[in-house]
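Survey of secondary and tertiary structure
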Amino acid sequence: MKVRKAVIPAAGLGTRMLPATKTVPKEMLPMVDKPVIQYIIEEAVAAGIEDILIVTNRAKSAMDDYFDYYPELETRLVQAGKDHELTEVRRAADLANIFYVRQKETKGLGHAIWRAKRFVGDEPFAVLLGDDVMRSKEPVVGQLIQAAEKYDASAVGVQQVSLEAISKYCSLKVEPLEDRVFLATDMVEKPRPEQVFSNYAILGRYVLKSGIFDILEHLEPGFGGEIQLTDGLRRLCQKEKMVAVDFEGRRYDTGNLRGFMEASIDFALDHPETGTWLRQFIKDKAGQL
Ligand code: UTP
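A short tour of the structure in this document, coming up. Since this is a predicted model, take the numbers as computed values, not measurements.

Once that is clear, we can look at the overall build of the chain. What the chain contains, in helices and strands, is 11 helices and 13 strands. A globule of 289 residues ought to have a C-alpha radius of gyration of about 19 Å, and the chain, at 20 Å, matches this closely. For the chain, the spread of C-alpha atoms along the three principal axes comes to 60 × 50 × 35 Å. For the chain, contacts bridging at least 24 residues in sequence account for 76% of all contacts bridging at least 6. Entry remark: accessible area of the chain is about 14,900 Å², with carbon and sulfur atoms responsible for 51%.

Written out as structure tokens, the structure reads:
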């Protein structure tokens, strides 16, 4: 089994980041010098993915524009001798083969992924949520792909969260297979305390076999009246093998203000142009607080 394709669902309404996201897609918010979605595409490319489908909606055409060429701008950069800017603008457009499909109604994450059926065909594919950014040595989705290929299985990315926090996530029932890899046999979305299987929560990265599409197609709306990916994954792990990978790296939910700011600060500290300056700025600020 070889994973060559990825799907990035990015058709959510972004209501947690309003008013900024009223006209700017949350995936296009700048984090240091790049939009959020570029970090996610770079992660997929670093893991060997060649073809990427972004699930968008009518308010998100800024994403297609961003990954396109812009000849007028590029000519101006050439004339001005702005080589670095030119390279970066072109690099974004040439990162991968990027395709788009619209989710015509905002019917939930499971429905958004189902829109990828024609693009994916019968192949296994990776899913990277459009607002979950990872900071890691090895691309997180690559860690999942390795396990999925080794076990010829679907894979979900997990980490342990506190028992208080698990009620916001999907709690997984797991059996150990090897260091950092488990068999996933059941799951529950946003569990009440008595429903918790474990404090392993699914966090934004998946490798799925194409059997998920038949399941999603026949799912009834679940929590919030939406077609929930978790309901589909639950059925998938009961029908076919699914592993859970306790991935190495830090995940940021950039779809909420705190997660966005934490990611912005950590990536700015890593960045060659801003790292030294920001470290000093934070130290000076801390002294004044
Ligand atoms: P979220 O729940 O984090 O995104 O969905 P949202 O719906 O934009 O969030 P808020 O609560 O209104 O702020 C997780 C992922 O699923 C996508 C989102 O774009 C995000 O990447 N999604 C969600 C869709 O593509 N379509 C949907 O109908 C719902």
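Alright, that's what it looks like, and here's the rest.
Within helix H9 (residues 229-239), the full set of buried residues consists of Leu229, Thr230, Gly232, Leu233, Leu236 and Cys237. Buried residues of H9, seen end-on, are gathered within an arc of 155° and therefore sit on one face of the element.

For the pair helix H10 (residues 257-270) and helix H11 (residues 275-288), the least separation of the axes is 6 Å and the interaxial angle reads 125°. In this view, H10 runs oblique relative to H11, as classed from their interaxial angle. In this structure, H10 uses Ile265, Ala268 and Leu269 to contact H11, whose residues at the interface are Gly275, Leu278, Arg279 and Ile282.

Quick look at the packing of aromatic side chains now. One pass over the structure, following the stated rule, counts seven aromatic pairs. Look at Phe99 and Phe119: their rings are 5.6 Å apart centre to centre, the planes differ by 50°, and that puts the pair in the tilted class. In this pair, Phe99 is assigned in strand E5 (residues 97-102) and Phe119 in helix H6 (residues 117-120), connecting sequence segments 20 residues apart. Judged by relative accessible area, Phe99 falls into the partly exposed class, the value being 38%. In this structure an aromatic cluster arises from ring pairing among Tyr39, Tyr252 and Phe267. The positively charged end of Lys34 is found above the aromatic ring belonging to Tyr39, 4.5 Å away from the centroid.

One finds Met31, Ile37, Ile41, Ile49, Ile52, Ile54 and Leu128 to be the most contacted residues of the largest nonpolar core, which totals 50 residues. If you tally residues by element for this core, the top one is helix H7 (residues 140-151), at seven residues. Setting aside residues no more than four positions away along its own chain, Ile52 makes contact with Ala6, Ile8, Ile41, Ala44, Val45, Ala96, Asn97, Ile98, Phe99 and Phe119. Counting 36 residues, the second largest nonpolar core, distinct from the first, contains Val55, Phe125, Val156 and Leu172.

Taken together, the side chains of Asp33, Asp83, Glu85 and Glu273 make up a negatively charged region of the molecular surface. Tracing the sequence through the fold places Glu85 in helix H4 (residues 83-93). Using a relative accessible area of 37% as the deciding quantity, one classes Glu85 as partly exposed.

What surrounds the ligand is a group of 18 residues, the closest being Gly14, Thr15, Arg16, Gln103 and Gly108. Contact between the ligand and Gly12: an oxygen atom at 2.9 Å from a main-chain N or O atom of the residue. In isolation the ligand has 580 Å² of accessible area, and contact with the protein removes 82% of it. The residue inventory of the shell around the ligand, partitioned by class, reads six nonpolar, seven polar and five charged.

Glancing now at helix H1 (residues 36-46). Counting buried positions along H1 gives nine out of 11 residues, so the element sits mostly inside the fold. Inspection of H1 places Val36, Ile37, Gln38, Tyr39, Ile40, Ile41, Glu42, Glu43 and Ala44 among the buried residues, and these make up the whole buried set. Gly48 sits one or two residues past H1 and shows a positive phi near 90°.

Its place among the elements puts Glu43 in helix H1. Of the polar contacts made by the side chain of Glu43, one reaches the side chain of Arg205; its length is 2.8 Å. With near-sequence residues (within four places) excluded, Glu43 lies in contact with Leu128, Met134, Pro139, Val140, Val141 and Arg205.

Turning next to the packing of helix H3 (residues 71-79) against H4. Contact geometry of H3 with H4 gives a least axis separation of 9 Å together with a crossing angle of 155°. On the basis of the axis angle, H3 is roughly antiparallel to H4. Classified by chirality, the crossing of H4 by H3 is left-handed. Every residue of H4 that contacts H3 at Leu73, Glu74, Leu77 and Val78 is listed here: Glu85, Leu86, Val89 and Arg90. Classifying every residue of the contact of H3 with H4 by side-chain character gives five nonpolar, no polar and three charged.

Procedures and definitions
- Each chain has its residues counted from 1, running along the sequence as written.
- At least 70 in pLDDT is required for a residue's local features to be given in this predicted model, at least 80 for side-chain atom pairs to be given and counted, and no such filter applies to totals for whole chains, interfaces and linings, which use all residues.
- Hydrogens are left out, water is left out, and the side-chain values use all remaining heavy atoms of the structure.
- Numbering of helices and strands runs from the N terminus; a helix is a DSSP stretch of H or I covering at least four residues, while a strand is a stretch of E covering at least two.
- We take the radius of gyration over the C-alpha atoms and set the globule estimate at 2.2 Å times the residue count to the 0.38 power.
- Here, residues are in contact when the closest pair of their heavy atoms is within 4.5 Å.
- The accessible surface values rely on the Shrake-Rupley method and a 1.4 Å probe; as for residues, cover is taken only from the protein chains in view.
- Partly exposed describes any residue whose relative accessible area lies between the buried limit of under 20% and the exposed limit of over 50%, with all areas from a 1.4 Å probe on protein chains only and scaled to the type maximum.
- Relevant arc is that of directions from the helix axis to the C-beta atoms, nothing else.
- Lines fitted to the C-alpha atoms define the axes, with helices restricted to the stretch that makes contact. Angles between their N-to-C directions range from 0 to 180 degrees.
- What sets the label is the angle itself: under 35 degrees gives roughly parallel, over 145 gives roughly antiparallel, 65 to 115 gives roughly perpendicular, and the rest give oblique.
- Aromatic pairing here means that ring centres of Phe, Tyr or Trp (its six-membered ring) are within 6.5 Å. Orientation follows from the plane angle: under 30 degrees is stacked, over 60 is edge-to-face, and everything else is tilted.
- Two limits define a charge over a ring: the Lys NZ or Arg CZ must be within 6 Å of the ring centre, and within 35 degrees of the ring normal.
- As used here, the term nonpolar core means buried Ala, Val, Leu, Ile, Met, Phe, Trp, Tyr and Cys residues forming a set that is joined through side-chain atoms within 4.5 Å.
- Here, patches come from residues exposed beyond 30% relative accessible area and free of salt bridges, joined within 9 Å for like charges and within 5 Å for nonpolar side chains (Val, Leu, Ile, Met, Phe, Trp, Tyr).
- Each salt bridge in this description consists of a side-chain nitrogen of Lys or Arg and a carboxyl oxygen of Asp or Glu lying within 4 Å of one another.
- A positive count includes Lys and Arg, and a negative count includes Asp and Glu. His and the chain ends are not counted in either.
- Charge positions come from single atoms, namely NZ of Lys, CZ of Arg, CG of Asp or CD of Glu.
- Proximity is defined per residue: any heavy atom of the residue falling within 4 Å of a molecule or strand makes that residue near it.
- Polar contact is defined as a pair of N or O atoms within 3.5 Å, subject to the rule that within protein one atom must be able to donate a hydrogen and the other to accept it, and that residues adjacent in sequence are counted only when both atoms are side-chain atoms.
- When residue character is reported, Ala, Val, Leu, Ile, Met, Phe, Trp, Tyr, Cys and Pro are called nonpolar, Asp, Glu, Lys and Arg charged, and the others, Gly included, polar.
- Less than a right angle of anticlockwise turn of the near helix away from the far helix marks a crossing as left-handed, whereas a clockwise turn marks it as right-handed.

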